[in-house]
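Spelled out from the first residue to the last, the chains are:
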Amino acid sequence: MVKLAIQIKAIGENVASILPNNEDFRWHVKLKNGGNETDKFIYICQSNQVDMKGSRGTANHCQKIGGKDCSVNILEDKIAAYNLPREDDGDDNDKIQLWQTIVAFECRGCEVSEFMFSDGWTIQGTDGGEYDDVDLSDDWYDVDNNGEPMSLTEIEYKIVKIK
């Protein structure tokens, strides 16, 4: 069993935070087991509960990779918003980490090898406005309630092992 977290960083203008919209949020990932990897991105969501073969437990996702059973669970306590530094925070910007964990997975028999940004994100603006079902597969631009430009660019991810 391995626990893997997806960490992201982004550059934003008039954006306070990025977060998954709800427990039906689809985390699009590729899984690997040894030299075998899923051909396409699969999605894993919290609301999906699958019985694990040969076990009494359930998982958020189960499948065979290279002939071996694997399962993945989302660690609910590791789902978090990504908070962007604000220009008016002054010295507090140093306290906000560039890379922040947004989700973590407990993987059995496999590992998360890639992550794909897609739709379903909620963006909270610095003006207090909320923008739902945002697609982050590309840079995002909009205008807030005060007519000010908003943007999210240079969104990156990395996958790290956690304890």
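Just so you know, these numbers come straight off a predicted model, no measurement behind them.

Q: So what exactly am I meant to see when it comes to the sheet that holds strand E10 (residues 82-83) here?
A: Sheets are built from strands paired through backbone hydrogen bonds, the pairs being either parallel or antiparallel. The sheet built from four strands is open, its strands ordered E10-E2-E13-E14 with antiparallel pairing. Sheet topology places E10 and strand E14 (130-134) at the edges, where each strand pairs with a single neighbour. Alignment of strand E2 (residues 15-20) against strand E13 (residues 121-125), held across five bridges, turns out to be antiparallel. Paired with Ser 17 across the two strands is Gln 124, which belongs to E13.

Q: I would appreciate a short explanation of the confidence of the model for the protein in the present structure.
A: Should the pLDDT be low somewhere, the predicted coordinates at that spot are not to be read in detail. Confidence in the prediction for the protein averages 92 pLDDT; 94% of positions are at 70 or higher. Mean pLDDT values over the elements of the protein span from 92, in strand E6 (residues 50-51), up to 98, in strand E12 (residues 111-116).

Q: Hey, could you run me through the pairing of strand E3 (residues 27-33) in this one?
A: Where a strand is regular, its side chains alternate between the two sheet faces. Within E3, six of the seven residues are buried, leaving the element largely enclosed by the surrounding structure. Judged from the three bridges that link them, E3 and strand E5 (residues 42-44) form a sheet pairing that is antiparallel. By the bridge assignment for E5, Val 29 is matched with Ile 42. As judged from the five bridges shared by E3 and E12, these two strands associate in the antiparallel manner. Across the sheet, the residue bridging to Leu 31 is Val 112, located in E12. Summarising the sheet, E3 and strand E4 (residues 36-37) pair through two bridges and their orientation is antiparallel.

Q: I would appreciate a short explanation of the pairing of strand E8 (residues 61-65) in the present structure.
A: Where E8 meets strand E9 (residues 68-74), five bridges bridge the pair, whose relative direction is antiparallel. Bridge assignment links Lys 64 to a residue of E9, and that residue is Asp 69. Counted between consecutive antiparallel strands, the loop separating E8 from E9 contains two residues, among which Gly 66 sits at a positive phi close to 60 degrees.

Calculation rules
- Here the residue index of a chain counts from 1 through its sequence in written order.
- Totals for whole chains, interfaces and linings use every residue, but because this is a predicted model, local features are given only for residues with pLDDT of at least 70 and side-chain atom pairs only at 80 or more, for both listing and counting.
- No hydrogens and no water enter the side-chain calculation; it runs on all heavy atoms of the structure.
- Strand pairing is assigned whenever DSSP identifies at least 2 bridges connecting the two strands.
- Helix and strand definitions here come from DSSP, where helices need a minimum of 4 consecutive H or I residues and strands a minimum of 2 consecutive E residues; each element is numbered from the N-terminal end.
- Think of pLDDT as the predictor's per-residue confidence, scored from 0 to 100.
- Here's how the labels work: a residue is buried when its accessible area is under 20% of the maximum for its type, exposed when over 50%, partly exposed in between, all with a 1.4 Å probe on protein chains only.

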